[in-house]
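Each chain is listed here by its residues.
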Amino acid sequence: MATTYAPHFIASETTSSSSNPIKMAQDELKKIAAYKAVEFIKSGMVVGLGTGSTAKHAVDRIGELIQQGVLTDIVGIPTSKKTHEQALSVHIPLSDLDTHPVVDLAIDGADEVDPDLNLVKGRGGSLLREKMIEFASKKFVVIVDETKLVDYIGGSGLAMPVEVVPFCWKFTAHKLELLFKESGCVAKLRICPETGDPFVTDNSNYTIDLFFKKSIGDLKAAGDAILRLPGVVEHGMFIDMATAVIVAGDGGVTVKNKER
Ligand SMILES: O=C(CO)[C@H](O)[C@H](O)COP(=O)(O)O
């Protein structure tokens, strides 16, 4: 079921004067989706705080509403060290899954959303903590601009990340490529552009980015096969996890609810 809202549903407070109008428009859409998701938060909730440029808007907004006294008794569970820092900077009280094993609502961005609301996440490097916290959430609201919508997982031609242990990562990368040989899979170690060193996750692991030339078919079977490989920690396909996806586009905001 999808509901469309007018784009002026929330007041835009962005005064940024970016020299790149296309990028600014996309960031505005991310902000609109994020603000809409925050409307689902009620005082007293334990809230999963996502990672990335879209989730950042949600975290800022939650901090703002706490400061205004509109939201009280909120406990935030951050999905990355970066979000942890950001949430502290806007004075959101924080905890973790050990103390709060049940999360009322998680809000996070995504890299791809397919028509069944399956996701690719982790291009921002935080897929493991995101998956743990979003798995523990009674409701998981995904916030995206419309560029993230794909016909099938992998359909953007961009990376589907897999977090792996650093030990013999080339072996693991090769096994991953073999697993999806028929989909023309290419596996690449993620590198930090600034240093040229391997990108290290918050959990001290590496990330292997998988690129597919065509659909990998049954996502559940693909995910299970990846997880059976020794050396793999977790993959970036979030299958059947989103309860709602909020999509902001030029035509307005659409809330897609997962039929269960
Ligand atoms: O999965 C993620 C981080 O691991 C992000 O949610 C995803 O990469 C989307 O990021 P952005 O909102 O910056 O486009």
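Rules behind the numbers
Position labels on residues start from 1 in each chain and follow its written sequence. In view of the model being predicted, local features appear only for residues whose pLDDT reaches at least 70, and side-chain atom pairs are presented and counted only at 80 or more, with totals across whole chains, interfaces and linings using the full set of residues. At least two DSSP bridges between two strands are needed for those strands to be called paired. Every helix listed is a DSSP run of H or I at least four residues long, and every strand listed is a run of E at least two residues long, numbered separately from the N terminus. Fitted lines through C-alpha atoms serve as axes, helices being fitted only where they are in contact, and the angles separating the N-to-C directions of these axes extend from 0 to 180 degrees. Whether two residues are in contact depends on their C-beta atoms, placed from the backbone: they are in contact if these lie within 7 Å. Take the residue count of a helix, subtract one, and multiply by 1.5 Å to get its expected span. Exposure is read from a count of other C-beta atoms within 10 Å of each residue's own; the residue is exposed at 12 or fewer, buried at 20 or more and partly exposed in between. C-beta atoms are placed from the backbone. Near, as applied to residues and a molecule or strand, means the residue's backbone-placed C-beta atom lies within 6 Å of it. Ten residue types, Ala, Val, Leu, Ile, Met, Phe, Trp, Tyr, Cys and Pro, are classed as nonpolar, four, Asp, Glu, Lys and Arg, as charged, and the remainder, Gly among them, as polar. An automatic or database domain assignment provides the domain bounds reported here.

Side note on the sheet that holds strand 11 (residues 232–235)
Spatially, 9-10-8-11 is the arrangement adopted by the 4 strands of the open sheet, whose pairing is antiparallel. Of all the strands in the sheet, just strand 9 (186–189) and strand 11 have a single pairing partner and so form its edges. Taking the axes of each pair of neighbouring strands and ignoring which way they run, one obtains an average angle of 30 degrees across the sheet. Alignment of strand 9 against strand 10 (residues 206–211), held across 4 bridges, turns out to be antiparallel. Looking across to strand 10, one finds that Lys188 is bridged to Asp209. Strands in contact with helix 4 (residues 127–135) are strand 8 (160–164) and strand 11; relative to strand 11, the strand with the most contacts, it is inclined by about 65 degrees.

Quick look at helix 2 (residues 53–67)
A rise of 1.5 Å per residue sets the reference length of helix 2, with its 15 residues, at 21 Å; its end C-alpha atoms lie 22 Å apart and thus fit the reference within 8%. Listed as buried for helix 2 are Thr54, Ala55, Lys56, His57, Ala58, Val59, Arg61, Ile62 and Gly63. Looking one or two residues past helix 2, Gly69 carries a phi angle of roughly 80 degrees, positive in sign.

Topic: the sheet that holds strand 12 (residues 237–238)
Ordered by their spatial adjacency, 3 strands build an open sheet running 5-6-12, and the pairing between neighbours is antiparallel. Whereas interior strands pair on both sides, the edge strands pair on one side only; in this sheet they are strand 5 (112–113) and strand 12. Strand direction decides the pairing type here: strand 6 (residues 119–120) and strand 12, joined by 2 bridges, are antiparallel. Bridging across to strand 12, Val120 finds its partner in Met237.

Examining the site of the ligand
Around the ligand, a shell composed of 18 residues is seen, among which Gly52, Ser53, Thr54, Gly109 and Gly124 lie nearest. Elements that contribute at least two residues to the shell around the ligand include exactly helix 2 and helix 4. Element by element, the count of residues in the shell around the ligand is highest for helix 2, at 3 residues. Of the residues contributing to the shell around the ligand, the split by class is 3 nonpolar, 10 polar and 5 charged.

Digging into the domain arrangement of the protein
Once the domains are mapped, the protein shows domain 1 (2–148 + 240–257) and domain 2 (160–233). The C-alpha-based centres of domain 1 and domain 2 are spaced at 26 Å. Across the contact, 11 residues belong to domain 1 and 10 residues belong to domain 2. In terms of residues, the side of domain 1 that touches domain 2 owes the most to one element, helix 4, which gives 3 residues. Class assignment for the residues of the side of domain 1 that touches domain 2 results in 3 nonpolar, 5 polar and 3 charged.

Re the pairing of strand 8
Of all 5 residues in strand 8, 5 are buried, a share of seventy percent or more. Side-chain alternation along strand 8 places Met160, Val162 and Val164 on one buried face and Pro161 and Glu163 on a second face that is also buried. Bridge count between strand 8 and strand 10: 5 bridges; the pairing is antiparallel. If you follow Glu163 over to strand 10, its bridge partner there is Thr207.

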